[in-house]
Structures are given as structure tokens and as C-alpha cells.
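Now for the letters of each chain:
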Amino acid sequence: GAVVSQHPSWVICKSGTSVKIECRSLDFQATTMFWYRQFPKQSLMLMATSNEGSKATYEQGVEKDKFLINHASLTLSTLTVTSAHPEDSSFYICSARPGREGLRDTQYFGPGTRLTVL
Amino acid sequence: LAKTTQPISMDSYEGQEVNITCSHNNIATNDYITWYQQFPSQGPRFIIQGYKTKVTNEVASLFIPADRKSSTLSLPRVSLSDTAVYYCLVGDKNTGFQKLVFGTGTRLLVSP
């Protein structure tokens, strides 16, 4: 149990376009989902925390108008990178925390989405 | 600012036991210690979690001394496929491990 998927696994887009990344918890309901960004050879950096049905909480330095997060249901959160630029090229990873007892009380991570902006 | 400190890299050979130590001097009473493994271009994978003493599962052991200011991940008889980055994190289980702060991690290289 505790499987998280992301779609797409990779995407290439032109500068100025918007890209949507989906994060789904496949076999559990996630009251909270998290979005991270990882540059090559670097660690994961938390971008924002999203709770189902409420606005996301962004980390300092992350532009909320550029990285739109929607947590529409207990199994789906989306990250939209608006007006993407080459410096937004990165590996985006989501994680989800199960909302029910019985599963390990920790975060489970998706496989990541590689975004390349030309 | 990361709440944990780990060696940047370690080297080992197949079949050896590898111990990766993590320092978390400011660990709070409600914090649990969790270790993740990450392969290139993949999301982190949960390995083991503990609060104190020793925890063992099918892939690793976690040793936590009484003061909880450090922890050691032990990987028995590593293989080439254990080459990865290992992250040690501390988080408040009572708040669902909100705001996990990833440190640099330890890049483990296993050679034949």
C-alpha cells in the first residue's frame, strides 16, 4: 500500500507556456500533499504544502502565482507551472501523507516529473 | 536550514555492512527519525523509521542512542543496487511530519 503516482513523468515545453503536473495517491486518501523541487546533484526543496479543500501554504521564496497548486480531492493534487521559463527546469516530486491509521505515519513520495523548458 | 547532518558520501564494496550516521542535535521530544533512499531521477523511497533504541525491518536497521541526538542506518551486506542517496530526516509524527527538511543526504557508492 501507500503508492503515489505522478503524471507526466517527463515534459518538455516552450518558454512562456504553462505545464500541469498531477499527483495521485492510488490506494489511500491523503489529507495533505507536498510538492518538492530538486535540481541536479542537490537535495529536495519543499515548495508548498496543500490540504484538501483549502489553499496551499507556500514556502518562503516560492511564488504562489507562478506555481499554482490545487488539492481538489483526497487523492489528487495538481501543480501548474505558469509561464514557464528555462530556470524552472527541474525535477518536481510530490508526496502524500495518509490520513488514516494503519499505514506508517510518514510521507510517501511519487516518482517525480522531469520538466524541461526550452 | 536542515535539522540533520550526514556525511556527504561513503564508499563500500558488495557484501559489506554499511553504517551511515546522522546527527540531529536539536531533535524535539515529538520528533521521529525517518530514513529515505533515492535513486537518480526517482522519488525518495521510505526505508525505516524510529523513535528510540533499535528498529529493524527487512532491509535495514536503525540504531538510536538514548539521547536521540544521532542515529545510525545499518545496511547489511550491500549490493550494487544499494548505490543511492540516503536521507535522514526528523519530523513531528503528531503533526504528520509536516515540513520535512531534506539535508544534503549521503551518496553511497557500492563497488564490485
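Parameters at a glance
Residues numbered from 1 in each chain as written. Chains lettered and ligands numbered in written order. Predicted model: local features only at pLDDT ≥ 70, side-chain atom pairs only at ≥ 80, totals over all residues. Heavy atoms only, no water. Contact = heavy atoms within 4.5 Å. Buried area = accessible area lost by both parts, 1.4 Å probe. Salt bridge = Lys/Arg side-chain N within 4 Å of Asp/Glu carboxyl O. Polar contact = N/O pair within 3.5 Å; in protein donor to acceptor, adjacent residues only side chain to side chain. Helix = DSSP H or I, 4+ residues; strand = E, 2+ residues; numbered from the N terminus. Nonpolar A, V, L, I, M, F, W, Y, C, P; charged D, E, K, R; others polar. Disulfide = S-S within 2.5 Å.

Moving on: the interface of chain B and chain A. With 20 residues of chain B at the interface, the matching set in chain A holds 22 residues. Interface of chain B and chain A: buried area, both sides summed, is about 1,700 Å²; carbon and sulfur atoms make up 51% of it. Applying the counting criterion to the chain B and chain A interface returns 0 salt bridges. Taken together, chain B and chain A are joined by 6 residue pairs in polar contact (both at pLDDT 80 or more). Within the residue set of the side of chain B that touches chain A, elements represented by two or more residues are strand E3 (31-38) and strand E4 (45-50) of chain B. No other element matches E3(B), which puts 3 residues into the side of chain B that touches chain A. By residue class, the composition of the side of chain B that touches chain A is 7 nonpolar, 10 polar and 3 charged.

Before going further, it helps to examine the state of the cysteines. All names here are of chain A. Under the defined criterion, the tally for this structure stands at 2 disulfides over all chains. Sulfur-sulfur distance for the disulfide between Cys-23 and Cys-94 comes to 2.0 Å. Sign of the S-S torsion, about 80 degrees for the bond between Cys-23 and Cys-94, identifies this disulfide as right-handed. With Cys-23 in strand E3 (residues 19-25) and Cys-94 in strand E9 (residues 90-98), the pair connects residues that are 71 residues apart, well separated along the chain.

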